[in-house]
Protein chains: 2
Amino acid sequence: MRIFQRVFVTVSFMMSIAICRGDEGMWLFNNLPRKLLNEKHGFDPSEEWAEHIMLSSVRFSSGGSASFVSSDGLVLTNHHVAADTLHKLSTPEFNYYDKGFLATGHEHELKAPDLELNQLVSIEDVTARVNAAVTAEMGPEKANKARQAAMAKIEQASLDETGLRSDVITLFGGAKYHLYRYQKYTDVRLVWAPESAMAFFGGDMDNFEYPRYCLDVALFRVYENGKPAVVEHFLKWSDAGPADGELVFVSGNPGSTDRALTTDAVKTLRDHSLPFYLNYLCRLEVAIQQFSQQGPEFRRRGNDDLFGVQNSRKAVVGMVQGLQDPKFVAEKAEREAELLKELNARPELQHFAKAWQRIAEVQPETVKLLRGGVEFRERYYEIAEQLVLMAEEDEKPSEDRFKEYRSSGRESLEHELFSPAPIYDDLEIARFTVQLSMFVEQRGGDDPLVVAALAGKNPHERVTELITQSQLNQVDFRRELAKGGVEAVRKSTDPMIQFFRILEPECRRVRERRESLEETERQAYAQIDDARVAAQGISGYPDATFTLRLAFGVVKGYQEHGQEVAPWTTLGGAFDHEVVHEVREPWVLPKKWHDARKLIAVDIPLNFVSTADIIGGNSGSPVINRAGEFVGIIFDSNIQGLTADYMYEDQVARAVSVHAGGIREALRNIYGAKELAEQLGK
Amino acid sequence: MRIFQRVFVTVSFMMSIAICRGDEGMWLFNNLPRKLLNEKHGFDPSEEWAEHIMLSSVRFSSGGSASFVSSDGLVLTNHHVAADTLHKLSTPEFNYYDKGFLATGHEHELKAPDLELNQLVSIEDVTARVNAAVTAEMGPEKANKARQAAMAKIEQASLDETGLRSDVITLFGGAKYHLYRYQKYTDVRLVWAPESAMAFFGGDMDNFEYPRYCLDVALFRVYENGKPAVVEHFLKWSDAGPADGELVFVSGNPGSTDRALTTDAVKTLRDHSLPFYLNYLCRLEVAIQQFSQQGPEFRRRGNDDLFGVQNSRKAVVGMVQGLQDPKFVAEKAEREAELLKELNARPELQHFAKAWQRIAEVQPETVKLLRGGVEFRERYYEIAEQLVLMAEEDEKPSEDRFKEYRSSGRESLEHELFSPAPIYDDLEIARFTVQLSMFVEQRGGDDPLVVAALAGKNPHERVTELITQSQLNQVDFRRELAKGGVEAVRKSTDPMIQFFRILEPECRRVRERRESLEETERQAYAQIDDARVAAQGISGYPDATFTLRLAFGVVKGYQEHGQEVAPWTTLGGAFDHEVVHEVREPWVLPKKWHDARKLIAVDIPLNFVSTADIIGGNSGSPVINRAGEFVGIIFDSNIQGLTADYMYEDQVARAVSVHAGGIREALRNIYGAKELAEQLGK
């Protein structure tokens, strides 16, 4: 599924799941399922084993996972996680994304314009400190503010004390709060990437399918003080990889799951949120495709966005099919009814039932906010939004600000805001026009905010004027505005700044309403979690939050349309797959592969599948054996895995990885990178 | 705009427009604007001139226009109007749509599987007879039924008397009813078509753009009793074509316009109907594209649908931009306010103001019906719907049936229903899955009708089951069911028949509600038309109804982004246009063109633009000079013309035609059809 992005941002929050089935679970590193692992797989991970895995794992700010694979700072992730950087480095003269890259020495490694890598170094339970700020008398709005302020203070104190990036994470839908401390790396350089044709062999057609033949990997290196970082924890390399049926682990950052949603909340997703999002994606896909078809340079500019949108669209189509299946909701409802029956049978637990009711009650407003939202994903607009909100929020004490404007996160925010990455006006106009047009549709053309936003023009004219006349594409201009604070922003005549200021009050109103609804849901889901523990004695793993988790599973094929699908594909199989598709795009192997055909061992595995529980955000996660060695890297799930957001399944749903042996062989004998190949795991 | 299809079927009805601007107008042949033509262009068309044009004009049942261009039945239309037939004739072995065709003699001309061509032979005003059936006491539902029954009786009587196809047309939103009699041709054979690459040179990218270089034409021949029909009225041919600034006429069948809509009705379009339709189109476009990308045979199968959807999508995107422009609605509202002011100033006219109110009142239900609609555009479903409704409706007297099941139209209905054109299950599954999924979204997954329709499966599973198990793709099976009447249909175990029967009651309920709303609107729009005549003394042309109209305009360039756009392009220009786009798809000229490059006179015009007032349905309309000669054929409008549905504009909006000289030159020197070239106009 090209699972690097959180394909859907829901307003709902997360919590633990009732009963784990098969190899289900995205486990917290400070609460690994030792008993389960021991009983099911006879494996008992030591503290050292777990800590080594944790410290060898890396999170990409652009939305994926990765691992350290050498003592001198090599970081292995997916090509599609690297794509954002590859596109930002590209120019009309050289397209790193399409053509790939190999640095011939440290001095040729290419600095990424705005990547931030995070290595999780410690976890601390701060639940009591967060909850102490909230009293029973507070309404949801006040409770949310108090809770946010408490979290902000904890983060700031930790930053002051340790100098480490410090994030308080909400887990189990609000039942737990953990403080995560990260080592940050912001000097990150590109070492090697294959051609997009090989990383994404089979293109949108093969995406989410299996068997696959993708070399979806890229190598970066982290630097400190201008030199390759010396890394204590990194993964050893296993060329042999895992055997059929072998237990493997996945250490990565699953973005977001909604497995704990009540039936009412799932119906909102099914009937409102997902269809709304799917319409948006299809509209955007068509527009970017139109843009790209104008010629090769347009294609280069539009490629990253197009890939992202198509990937999400394909995922959401699968999710919609899954949720529209009456069996899905029926199973949800049945499990819910069972639990409610148990609760109602015990007088001391009956009060828990109210939690479901409270979630049902907020659904209509959730739907309303969906259609009335003020949110544009367009670079100029995002910059304007950040500059204005940062200036305004900075007028308040740090703990009272919107989360992302607190002083503890300022460094990361500025790293992104002042990125020198190129912005293509023509592409931005195409993207923004669709979004502004949908904004008009959602609120209606007579809505006063719409009238003010359009300023008498149609969406395309208005967007063209805003973007071509704005100076926000200049980093110095942004820095200047940021430096000038609230006064500079209020005086600014930049049209995009002024445009955002028109929308700002409604933007704030909607956000505050959403956060208040989320607080209500948080409290309700925490109650449901408590209810489950009380009634069924079950505690498990929390819904995903784009923080480090450990999943496990076994390498295993499956059945599709009555056929056995083998768990492995090989390097040689890629050539067959090309021939089967008549060597037509997107099934054309790069020239390097054809040139090297006789040099490579065709039986070495290229991709394999396992039952590990993954989701968007896990892209680039290392797959690890019991010995703690690197055996592969997650890059996709199969199409049957697309409902994993809402329910784990292991009959046919599979995680898809690139095989350690295939990576080393390709580096050595196809990409002429023998030295680099030797460094892996050393 | 590839204007052959009615890009949008609105539930609203039509009426006359207030003030004609420039060369605005789609005039009735029995009420031509003689005074206007005389004053503005010094031209006074004789009765004979008009009758000759009318009888030389042809309507395609598949949704376009055409003309007779020889005494032995040659009919010239657009390649994209012919596309439906070209695809139906194609097989995996030979793709007529892509590769083109030239019959080397009458015996090689290819019979179209289900085309029906109509030649309008007479017009009669039957307003008094229709209105006599409706009394003031009737509510809208009863009034609609009485009116429909009266129309049915008139049609049947005319058919019995003349043997001609007889349709009563509602004009001016219900102020007038005219009886149109048509000569029908159902033996229609393909004579010549160029390659799609030339007919649609520049593809979706150039669609609706100008300058253009398209040979968007195809030749058919009508047969009677197995022989080429002898045609009395056909157009003479002018190789020279029109001069710059010359007056030209367009005789064709504009599909549908909404120029008379009140401001309230326009807002419904802007905020509801068009966005809804656009989301549907984008969802479908993405799905068919996915289907087509699986390989060449998939592409061949999906091509016709993909083109249709992309064409509509591009048009609707343009319409949405136009309607979302605050200036557009402001102008509408201003004109409306002026008229209302005049009405309110005169006590005897004040009662007319209620008509606007009545239209405003039906808008909320119009919106509701839009989202609750039961309508699938998928071949199996349409066949099931027609078979079931035909059987059920046949139980009633003809005049009480739904319009399309009256006995007067049975021959045309069966011609379509029993068409042997191929049906591709895989494509149908892809199309229907999107639509069924959207149906679930619109009504919600808990809706009882949705639950019944899905029968416990997700939309994709359900659709696959329905289509692969249905026998409705077999013409004999359809004939058998039709013959068996209501009993056979009720007993049928065909899953698609049973599926439609689940939906039938709701289908009927929605349709009846819609027709009742339409009757209310019809009466209100008729009032508004009366009001305009009373207050401003203006009468003009009715909104388009896919019936024959005469438009006029002048050949004229325009300004775009400060640049002059010349009215002409040439055969030679096509080669330059290819080079400018680096000879990349979709800008690759066919081999025949390159081979013939030295033989052709490169200065002969290929396409030209004029200010004539056209819309979807006008595709294939002949462009005619004062002498009544064929000078070109309409195939598109430019992108600025996309709001023509709602308002005529002649500053930059233009109709785009293929030039008579270019057609003859291409036939003669590129396609090796010298004989055919000589026959044109003779």
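Residues numbered from 1 in each chain as written. Chains lettered and ligands numbered in written order. Predicted model: local features only at pLDDT ≥ 70, side-chain atom pairs only at ≥ 80, totals over all residues.

Description of the pairing of strand β8 (residues 165-171) of chain A
Residues and elements named next belong to chain A. Counted only if it meets this: Exposure classes come from backbone-placed C-beta atoms, where a residue is buried if 20 or more other C-beta atoms lie within 10 Å of its own, exposed if 12 or fewer do, and partly exposed in between. Helix and strand definitions here come from DSSP, where helices need a minimum of 4 consecutive H or I residues and strands a minimum of 2 consecutive E residues; each element is numbered from the N-terminal end. Strands are labelled as partners when DSSP assigns at least two bridges between them.
Of all the seven residues making up β8, six are buried; the element is thus mostly covered by neighbouring parts of the structure. Across seven bridges, the pairing between β8 and strand β9 (residues 176-185) is antiparallel. Bridging across to β9, Ser166 finds its partner in Arg181. In this structure, the hairpin formed by β8 and β9 is closed by a connection of four residues, where Phe172 is found at a positive phi of approximately 50°.

So, the nonpolar core
Nonpolar side chains tend to gather and get buried jointly when the protein is soluble and globular. Counted only if it meets this: For our purposes the nonpolar core covers buried Ala, Val, Leu, Ile, Met, Phe, Trp, Tyr and Cys residues that link as a set through C-beta atoms within 7 Å. We call two residues in contact when the distance between their C-beta atoms, placed using the backbone, is within 7 Å.
In this structure, A:Ala384, B:Val248 and B:Ala384 are the most contacted members of the largest nonpolar core, which totals 369 residues. Not counting residues up to four positions away in its chain, the partners in contact with B:Ala384 are B:Leu472, B:Met496, B:Ile497, B:Phe499 and B:Phe500.

Thoughts on the domain arrangement of chain A
All names here are of chain A. How we decide: Domain extents, as shown, originate in an automatic or database domain assignment. Only Asp, Glu, Lys and Arg are considered charged, only Ala, Val, Leu, Ile, Met, Phe, Trp, Tyr, Cys and Pro nonpolar, and every remaining residue, Gly among them, polar.
Along its sequence, chain A is organised into domain 1 (48-116 + 186-259 + 543-679) and domain 2 (263-536). Computed from C-alpha atoms alone, the centre-to-centre distance between domain 1 and domain 2 is 29 Å. Between domain 1 and domain 2, the residue contacts involve 21 residues of the former and 22 residues of the latter. In terms of residue count, the dominant contributor to the side of domain 1 that touches domain 2 is helix α3 (residues 79-89) (four residues). Of the residues that constitute the side of domain 1 that touches domain 2, the class distribution is eight nonpolar, six polar and seven charged.

Side note on the packing of α3(A) against helix α10 (residues 296-324) of chain A
All names here are of chain A. As a reminder, the rule being used: What counts as an axis is a line fitted to C-alpha atoms, over the stretch in contact for a helix, and the angles between N-to-C directions run from 0 to 180 degrees. Angle categories: roughly parallel below 35 degrees, roughly antiparallel above 145, roughly perpendicular from 65 to 115, and oblique for all the rest. Take the far helix as the reference: if the near one is turned anticlockwise from it by less than a right angle, the crossing is left-handed, and if turned clockwise, right-handed.
The geometry of α3 relative to α10 is characterised by a closest axis approach of 9 Å and an angle of 160° between their N-to-C directions. Judged on the interaxial angle alone, α10 and α3 are roughly antiparallel. Note on packing geometry: the crossing formed by α3 with α10 is left-handed. Listed contacts from α10 to Ala83, Asp84 and His87 of α3 are Asn303, Asp304 and Phe307. In terms of residue class, the contact of α3 with α10 is made up of two nonpolar, two polar and two charged.

Topic: the interface of chain A and chain B
Across the boundary between the two partners, chain A contributes 33 residues, which contact 33 residues of chain B. For the side of chain A that touches chain B, the element with the highest residue contribution is helix α9 (residues 263-292) of chain A, accounting for nine residues. Here the side of chain A that touches chain B is built from residues that sort into 11 nonpolar, 11 polar and 11 charged.

As for helix α17 (residues 459-469) of chain B
In plain terms, the rule: Picture the helix axis, draw a direction to every C-beta atom, and the arc is the one those directions span.
Restricting attention to buried positions, one finds in α17(B) the residues B:Pro459, B:His460, B:Arg462, B:Val463, B:Leu466 and B:Ile467. One face of α17(B) carries all of its buried residues, which in axial projection span an arc of 160°. In α17(B), the exposed positions that point more than 90 degrees away from the buried face belong to B:Thr468 and B:Gln469. Structurally, α17(B) contributes buried residues whose contacts are with α10 of chain A together with α13 (379-393), α15 (425-443), α16 (448-454) and α19 (495-536) of chain B.

Some words on the confidence of the model for chain A
All names here are of chain A. For the record, the criterion: Scored from 0 to 100, pLDDT records how confident the predictor is in each individual residue.
On average, residues of chain A carry a pLDDT of 93, and 97% of them reach 70 or more. Within the model, the stretch residues 1-19 combines pLDDT values under 50 with 93 contacts to residues more than four positions away or in other chains. Among the prediction metrics, the complex's ipTM stands at 0.90, with pTM recorded as 0.91.

What about the relation of the copies chain A and chain B?
Applied cut-off: A least-squares superposition brings the copies together, and it is based on the C-alpha atoms of residues with pLDDT no lower than 70 in both.
After a rotation of 180° and a shift along the axis of 0.0 Å, chain A superposes on chain B with an RMSD of 0.1 Å. Taken together, the rotation and translation describe the operation of a two-fold axis. Both copies share a contact surface, since 100% of the interface residues of chain A are interface residues in chain B too.

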